[in-house]
Amino acid sequence: MRSGRIQSSASCSASSSSTFPHPPCLSSASRHCKFPRLLSPRALSLSQRVSRNCLVPETSQFSFSKQSSTNKKRLFPVNVGALVTSNTEAISTGPLVAEEKIGVLLLNLGGPETLDDVQPFLFNLFADPDIIRLPRLFRFLQKPLAQFISVLRAPKSKEGYASIGGGSPLRRITDDQAEELRKSLWAKDVPAKVYVGMRYWHPFTEEAIEQIKKDGITKLVVLPLYPQFSISTSGSSLRLLESIFRDDEYLVNMQHTVIPSWYQREGYIKSMANLIEKELQKFDRPEKVVIFFSAHGVPLAYVEEAGDPYKAEMEECVDLIIEELEKRKITNAYTLAYQSRVGPVEWLKPYTDDTIVDLGRKGVKCLLAVPISFVSEHIETLEEIDVEYKELALESGIQNWGRVPALGCEPMFISDLADAVIESLPYVGAMAVSNLEARQSLVPLGSVEELLATYDSQRRELPAPVTVWEWGWTKSAETWNGRAAMLAVLVLLLLEVTTGEGFLHQWGILPLFH
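Residues numbered from 1 in each chain as written. Predicted model: local features only at pLDDT ≥ 70, side-chain atom pairs only at ≥ 80, totals over all residues. Heavy atoms only, no water.

### Overview of the overall build of the protein chain
Going by this rule: Helix and strand labels come from DSSP, where a helix needs a run of H or I of at least four residues and a strand needs a run of E of at least two; each type is numbered from the N terminus. Buried means the residue's accessible area, taken with a 1.4 Å probe over protein chains only, is under 20% of the maximum for its type, while exposed means over 50%, and partly exposed covers the values in between. Residue contacts are defined here by distance: any two heavy atoms, one from each residue, within 4.5 Å place the two residues in contact. Exposure was quantified through the Shrake-Rupley algorithm and a 1.4 Å probe, taking into account, for residues, occlusion by the shown protein chains and nothing else.
Along its length, the protein chain carries 17 helices and 8 strands. Within the protein chain, buried positions represent 55% of all 514 residues. For the protein chain, restricting intrachain contacts to residue pairs at least 6 apart in sequence, the fraction spanning at least 24 positions comes to 79%. Carbon and sulfur atoms make up 55% of the accessible area of the protein chain, which amounts to about 23,100 Å² in all.

Right under this line is the structure:
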């Protein structure tokens, strides 16, 4: 059983009945808040979105519903979900690959490989209008502002990257994953080429697309390396890809499909469970360790206003991993929180740092951190989790800290990704005509076109992850207006001191400086 509340304890030998309440979607009241079963990846064509066509086969089993707390369209799945097992044996790939050139495009965020790369990487990040959103009138300031902020933040960011070896290992790990995926596909009689396209650093998505065209790829499977879909991660990469496809006749005519998320796949779930089980054995009392799932956060408005399925998918993912652990007689207490928030806007809660402090206050002594939304080591695992959160945990009274490594090139994980690619091949190029009565829901394998269209229609109303300025009586406004006021006071004091003239001297407040 995993129900119940945490109890205070003085050591790791606390009562084994001390467990956490489920995250919202995992509570007894909503235990079966499931998602449509992923039988095989549906065809989600980017070029067909340009022509306003729906991107899923006509046999898709999804539905559309409305919820009106905010009088906005909210899309929810209605089917019961389950682990997705590989089904490659039932799929004949011979005719699909015999006369075709198959390509797989892996999408990821990217990261600076050296300290000299940090500032230009940050520039690319902040130049994204989805990261810092400016009014249309001031859109011309996007790049100058990105340059200013990147220069301002670079010294602090360099410290973080210096602490993990002088740069992000993300490209090296992703290249290794691409090579292992290629080998796995060839071993399964699918001679595909695998490409890597990064959103904010080399090799950029544009570079990968140019190589795909040079290689004459005729069928392309797009696979974001984010297990759970979010408009801020996979969505951002797909929107960029869509803009590239829109202006290129070769790409528009190339058959392709997208696998938006794959957190329900058996290979992924079992690989995560294997790593957790292995790390638990490093504790003196494995059964007393609290499993702490830490996911990358997104602004709350993305979920509540734009219908981003990320939070629901994350909770379902944790649920599936816990169920797999239970099959192995591992019934540890667990919890889920969100890290890496930026700026004054509200992000998904609970926050990782607040939750760690709260667990320490409640007497937890043994904690195993699980980076649930990452499949590669990078700054957020190596520095934020391993350094910042570990230090916070020890300061909060947690005596024993462990961390599950990112999946990297785990053989079962890579093999299952290869199966996902193979299972998607029969759907490459498939489509169904979209209309208002048959819109698909925002679910793991629903229509990416619909999700991005919903986001596009509401993005101006959503807070950007990094808020530059905001007027009115809001937290953001109070923060920035306060900073502006303090800066103005400092400037006035400096002028008073250096010139010996000004209101403060006239009023006799600074007579010593005459």
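### Focus on the environment of Ser168
What counts is decided by this rule: Definition of a polar contact: a pair of N or O atoms within 3.5 Å, with one able to donate and the other able to accept a hydrogen when the atoms are protein atoms, and with sequence-neighbouring residues admitted only if both atoms are side-chain atoms.
If you trace the backbone, Ser168 turns up in the loop between α4 (142–163) and α5 (170–187). Note on Ser168: relative accessible area 10%, which makes it buried. Along the chain, Ser168 and Glu113 lie 55 residues apart, while their C-alpha atoms are 5.1 Å from each other. Apart from the residues lying within four places of it in its own chain, the contact partners of Ser168 are Gly111, Pro112, Glu113, Tyr161 and His378. One polar contact links the side chain of Ser168 to the main-chain amide nitrogen of Leu170, over a distance of 3.1 Å.

### Topic: the nonpolar core
The condition that has to hold: Buried residues of nine kinds, namely Ala, Val, Leu, Ile, Met, Phe, Trp, Tyr and Cys, make up a nonpolar core once their side-chain atoms join them within 4.5 Å. Where each domain starts and ends comes from a domain assignment, either automatic or drawn from a database.
Formed by 62 residues in total, the largest nonpolar core has its most connected members in Leu185, Tyr268, Ile276, Phe293 and Ile372. Two domains each provide a minimum of three residues to this core, namely domain 1 (102–263 + 412–456) and domain 2 (266–408). Apart from residues lying up to four places away in sequence, Leu185 is in contact with Val104, Val190, Ala192, Val194, Ala418, Val421 and Ile422. Ile217, Phe229, Val258 and Ala306 belong to the second largest nonpolar core, which has 21 residues in total.

### Concerning a nonpolar patch on the surface
Keep this limit in mind: Residues enter patches when they are more than 30% accessible in relative terms and free of salt bridges; like-charged ones are connected within 9 Å and nonpolar ones (Val, Leu, Ile, Met, Phe, Trp, Tyr) within 5 Å. Salt bridge, as used here: a side-chain nitrogen of Lys or Arg that lies within 4 Å of a carboxyl oxygen of Asp or Glu.
Among the surface-exposed residues, Leu137, Phe138, Phe140 and Leu141 lie close enough to one another that they form a single nonpolar patch of about 440 Å² accessible area. Within the fold, Leu137 resides in the loop between α3 (118–126) and α4.

### Let's talk about the packing of aromatic side chains
Our working rule: For this analysis, a ring pair means two rings from Phe, Tyr or Trp (six-membered ring only for Trp) whose centres lie within 6.5 Å, classed as stacked if their planes differ by under 30 degrees, edge-to-face if by over 60, and tilted for the remaining angles. Here, a charge over a ring is recorded when the distance from Lys NZ or Arg CZ to the ring centre is within 6 Å and its angle to the ring normal is within 35 degrees.
Evaluated as defined, the whole model comprises 5 aromatic pairs. Ring plane angle 80 degrees and centroid distance 6.2 Å describe the contact between Phe293 and Tyr334, whose orientation is recorded as edge-to-face. Of this pair, Phe293 sits in strand β5 (residues 290–296) while Tyr334 sits in strand β6 (residues 334–339), placing them 41 residues apart in sequence. An aromatic cluster of three or more residues is present, and its members are Trp262, Tyr268 and Phe413. Positioned over the ring face of Tyr351 is Arg341, at 3.8 Å from the centre of the ring.

### Comments concerning the sheet that holds strand β7 (residues 366–371)
Operational definition: Paired strands, as defined in this entry, are two strands with at least two bridges between them according to DSSP. Angles shown run from 0 to 180 degrees and are taken between the N-to-C directions of axes, each axis being a line fitted to C-alpha atoms and, for helices, limited to the stretch in contact.
Across the sheet, 4 strands lie side by side as β6-β5-β7-β8; this open sheet has parallel pairing. Strands at the two margins of the open sheet, each flanked by one partner only, are β6 and β8 (400–403). Within the sheet, the average angular offset between the axes of one strand and its neighbour, ignoring direction, is 25 degrees. Seen against the sheet, helix α9 (residues 266–280) touches β5, β7 and β8 and runs at an angle of roughly 155 degrees to β7. The strands touched by helix α11 (residues 310–327) are β5 and β6; relative to β6, the strand with the most contacts, the crossing angle is about 150 degrees.

### Digging into the pattern of salt bridges
Under the definition given, this model contains 25 salt bridges. The residue Asp419 makes a salt bridge to Lys188 at a minimum N-O spacing of 3.1 Å. Within this pair, whereas Asp419 is found in helix α14 (residues 411–424), its partner Lys188 is found in the loop between α5 and β2 (193–198), the two being separated by 231 residues in sequence. Through salt bridges with shared partners, a single network forms among Glu113, Arg171 and Asp175.

### Quick look at the confidence of the model for the protein chain
Rules: Values of pLDDT, ranging from 0 to 100, describe the predictor's confidence in every residue of the model.
In the predicted model, the protein chain carries a mean pLDDT of 76, and 66% of its residues have values of at least 70. Scored below 50 in pLDDT, residues 1–11 shows 34 contacts in the model against residues more than four places distant or in partner chains. For residues 431–447, every residue scores under 50 in pLDDT, and the model assigns this stretch 63 contacts once sequence neighbours within four places are set aside.

### Side note on helix α12 (residues 352–361)
We count it as follows: Here, the arc refers to the directions that run from the helix axis to the C-beta atoms.
Listed as buried for α12 are Thr352, Thr355, Ile356, Leu359 and Gly360. Down the axis of α12, the buried side of the element spans an arc of 135 degrees, and every buried residue falls inside it. Close packing links the buried residues of α12 with β5, β6, β7, α13 (379–395) and β8. Gly363 occupies a position one or two residues after α12 and carries a positive phi of about 100 degrees.

### A short note on the pairing of β8
Two faces, one strand: in a regular strand the side chains alternate between the faces of the sheet. We count it as follows: The definition of a right-handed crossover adopted here requires that, viewed with the strands pointing away, the path from the first strand over the helix to the second runs clockwise.
Looking at chain direction, β7 and β8 are connected through 4 bridges and run parallel. Pairing of Ala369 across the sheet is with Arg403, part of β8. Traced from β7 through α13 to β8, the parallel crossover comes out right-handed.

### Some thoughts on the packing of α9 against α11
Inclusion rule: Angles below 35 degrees are treated as roughly parallel, those above 145 as roughly antiparallel, those between 65 and 115 as roughly perpendicular, and all remaining angles as oblique. In this scheme the handedness of a crossing depends on how the near helix is turned from the far one: anticlockwise by less than a right angle means left-handed, clockwise means right-handed. Here the term charged refers only to Asp, Glu, Lys and Arg, the term nonpolar to Ala, Val, Leu, Ile, Met, Phe, Trp, Tyr, Cys and Pro, and the term polar to all other amino acids, Gly among them.
Taken N-terminus to C-terminus, the directions of α9 and α11 make an angle of 60 degrees; their axes are 9 Å apart at the nearest point. Taken together, the axis directions place α9 and α11 in an arrangement best described as oblique. Crossing of α9 against α11: the hand is right-handed. Facing α9, whose interface residues are Tyr268, Ile269, Lys270, Met272, Ala273 and Ile276, α11 presents Cys317, Leu320, Ile321, Glu324 and Leu325. For the contact of α9 with α11, the per-class residue count stands at 9 nonpolar, no polar and 2 charged.

### Describing the side chain of Asn332
Tracing the chain through its elements places Asn332 in the loop between α11 and β6. Here Pro286 takes part through its backbone oxygen, which lies 2.7 Å from a polar atom of the side chain of Asn332. At 2.7 Å, the side chain of Asn332 forms a polar contact with the backbone oxygen of Val289. In this view, Asn332 contacts Leu280, Pro286, Glu287, Lys288, Val289 and Ile291; residues no more than four positions away in its chain are not counted.

### Some points on the sheet that holds β2
Across the sheet, 4 strands lie side by side as β2-β1-β3-β4; this open sheet has parallel pairing. Because the sheet does not close on itself, it has two edges, and the strands there are β2 and β4 (255–258). When strand polarity is set aside, the average angle formed by the axes of neighbouring strands in this sheet is 20 degrees. Sheet topology note: the strand β1 (residues 102–108)/β2 ladder contains 6 bridges and is parallel. Paired with Gly103 across the bridge in β2 is Lys193.

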